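Read off the chains here:
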Amino acid sequence: MNIRIRLIIVLLGMTTIVSAQQRSGNPIAEGWYADPEAVVMDGRYWVFPTYSAEYDKQLHFDAFSSKDLVKWKKHPRVLTSENVSWARRAMWAPAVVKKDGRYYFFFSANDVHEGEVGGIGVAVSRKPQGPYKDALGRPLIQHIVNGAQPIDQYVFLDDDGQYYMYYGGWGHCNVVRLADDLLSIVPFPDGETYKEVTPEHYVEGPFMLKRGGKYYFMWSEGGWGGANYCVSYAISDSPLGPFRRIGKILEQDPQVATGAGHHSVIKGRGDNWYIVYHRRPLTETAANSRVVCIDRMEFDENGHIKPVKITNEGVEKAPR
């Protein structure tokens, strides 16, 4: 092999290494995690996922932060059942917001059924990495209303300063208004407290974003333990709907991974959007063998969300 060919091979190898260092790769973290809540706070990207395990072992949350979406730092045990007196099993699906210098960590616990203690709780910290401590000593929402199990909450801040919380399993979704302290719920102007906003084929995992004055409501369909778990969406002129299903935008790719669902979305600089979700590696079949991944999410000229291509490479650097 002559010197010129050797030099070309070396340069190609170096290009591959540099390219790999400029992308996040998928998954973004080692270990089994699911239901990621992705947010931007304090000049960093944050991901708060469920620790994916059997319900009786699912008793803590880790978090991950990054300045560029490529290098992620783990923050272990930001909230544990030790700081929530009523949580005994199945803690999952966090939603985290910052308000007035405090960080509010909403979570589901106990896989609650009517008559049991459990549901949606809220913990508070002075730092995004915690430690968080239960703020109420009881669930914020415990009862089954409109058929919706109180799980999978997502907190959305509208442009007028109103915080809404969308939540619900068992094929039903409710929206409630959060009080200014984020520690209680208050009625809507019409006197109703829980409004059902369930779209067609909804199962769980609601999410909301606003772009161009339109409300994009998103949710997961299918069984969370199966290969066909996926995400669909609707567009409305109001945060209360109606939400008419448009179609799927995230699903399995038999060449990459299965069970792609229960997502959240973050906005980078400009009109750059990223979808953070969990999926199941092709080598795995166990329901809890899930990993957190990130890929680009784009809109077409009509404002519709393009189907997401799930990848092993992930996304390029995106400094805050």
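Residues numbered from 1 in each chain as written. Predicted model: local features only at pLDDT ≥ 70, side-chain atom pairs only at ≥ 80, totals over all residues. Heavy atoms only, no water.

Quick word on the overall build of the protein chain
Here's step 1: On a plain count of helices and strands, the protein chain comes out with one helix and 20 strands.
Here's step 2: Over its C-alpha trace the protein chain gives a radius of gyration of 20 Å, about what one expects of a compact globule, namely 20 Å for 320 residues.
Here's step 3: Considered along the principal axes of its C-alpha atoms, the protein chain spans approximately 80 × 45 × 40 Å.
Here's step 4: A buried classification covers 53% of the 320 residues belonging to the protein chain.
Here's step 5: When contacts within the protein chain are restricted to residue pairs at least 6 apart in sequence, long-range pairs at least 24 apart make up 49% of them.
Here's step 6: Summing over all exposed atoms, the protein chain offers an accessible surface of approximately 14300 Å²; the carbon and sulfur share of this is 50%.
Here's step 7: Considering the protein chain, the positive charge centre built from 37 side chains and the negative charge centre built from 37 side chains are found 8 Å apart. (Helix = DSSP H or I, 4+ residues; strand = E, 2+ residues; numbered from the N terminus. Rg over C-alpha atoms; globule rule 2.2 N^0.38 Å. Buried < 20%, exposed > 50% of the residue type's maximum accessible area, 1.4 Å probe, protein only. Contact = heavy atoms within 4.5 Å. Areas by Shrake-Rupley, 256 points an atom, 1.4 Å probe, with all protein chains shown as cover. Lys, Arg positive; Asp, Glu negative; His and termini not counted. Charge placed at Lys NZ, Arg CZ, Asp CG, Glu CD.)

Describing the sheet that holds strand β3 (residues 60–66)
Here's step 1: What the four strands build is an open sheet, ordered β1-β2-β3-β4; its pairing is antiparallel. Pairing within the sheet leaves two strands with one partner each, and these edge strands are β1 (33–41) and β4 (73–80). On average, each strand axis in the sheet is tilted by 25° relative to the strand beside it, whichever way the strands run.
Here's step 2: Sheet topology places β3 next to β4; five bridges connect them, and they run antiparallel. (Pairing = 2+ DSSP bridges. Axes fitted to C-alpha atoms, helices over the stretch in contact; angles between N-to-C directions.)

Some thoughts on the environment of Met-297
Here's step 1: Tracing the backbone through its elements, the reader meets Met-297 in strand β20 (residues 291–297).
Here's step 2: When neighbours within four sequence positions are excluded, Met-297 is seen to be in contact with Leu-209, Met-218, Val-265, Trp-273, Tyr-274, Ile-275, Ile-305 and Val-308.

With respect to the pattern of salt bridges
Here's step 1: Within this structure, the stated rule accounts for 14 salt bridges.
Here's step 2: Close ionic contact of Arg-89 with Asp-56 constitutes a salt bridge, the shortest N to O distance being 2.9 Å. With Arg-89 in the loop between β4 and β5 (92–99) and Asp-56 in the loop between β2 (44–51) and β3, this residue pair connects regions lying 33 residues apart in the sequence.
Here's step 3: Among the salt bridges present, the one from Lys-195 reaches Glu-192, with a minimum N-O distance of 2.9 Å.
Here's step 4: A residue is classified by how much of its surface remains accessible, and Glu-192, at 36% relative accessible area, is partly exposed.
Here's step 5: Shared partners join several salt bridges into a network, and the residues in it are Lys-99, Asp-100 and Asp-180. (Salt bridge = Lys/Arg side-chain N within 4 Å of Asp/Glu carboxyl O.)

What to know about unusual backbone geometry
Where the residue is not glycine, phi is negative for most of them; where a peptide bond is considered, it is trans in most cases.
Here's step 1: Of note, the amide linkage connecting Asn-26 to Pro-27 takes the cis form, showing an omega dihedral of 5°.
Here's step 2: Along the chain, Pro-27 turns up in the loop between α1 (3–21) and β1.
Here's step 3: The peptide bond linking Gly-130 to Pro-131 adopts the cis configuration, its omega dihedral lying at 5°.
Here's step 4: By the secondary structure assignment, Pro-131 is in the loop between β7 (119–125) and β8 (133–134).
Here's step 5: In this model, His-201 sits at a positive phi of 70°, which is unusual for a non-glycine residue.
Here's step 6: Looking at where His-201 falls in the secondary structure, it is placed in the loop between β13 (195–196) and β14 (204–211).

So, the state of the cysteines
As used in these notes, a disulfide is a covalent bond between sulfur atoms, one from each of two cysteines.
Here's step 1: Counted by the stated rule, this structure contains zero disulfides.
Here's step 2: In this structure Cys-173 is not part of a disulfide, and its nearest cysteine sulfur, from Cys-230, lies 16 Å away.
Here's step 3: Using a relative accessible area of 0% as the deciding quantity, one classes Cys-173 as buried.
Here's step 4: Take Cys-293: it sits in no disulfide, and the sulfur closest to it among the cysteines is that of Cys-230, at 16 Å. (Disulfide = S-S within 2.5 Å.)

No statement about biological role is implied by the geometric values presented.
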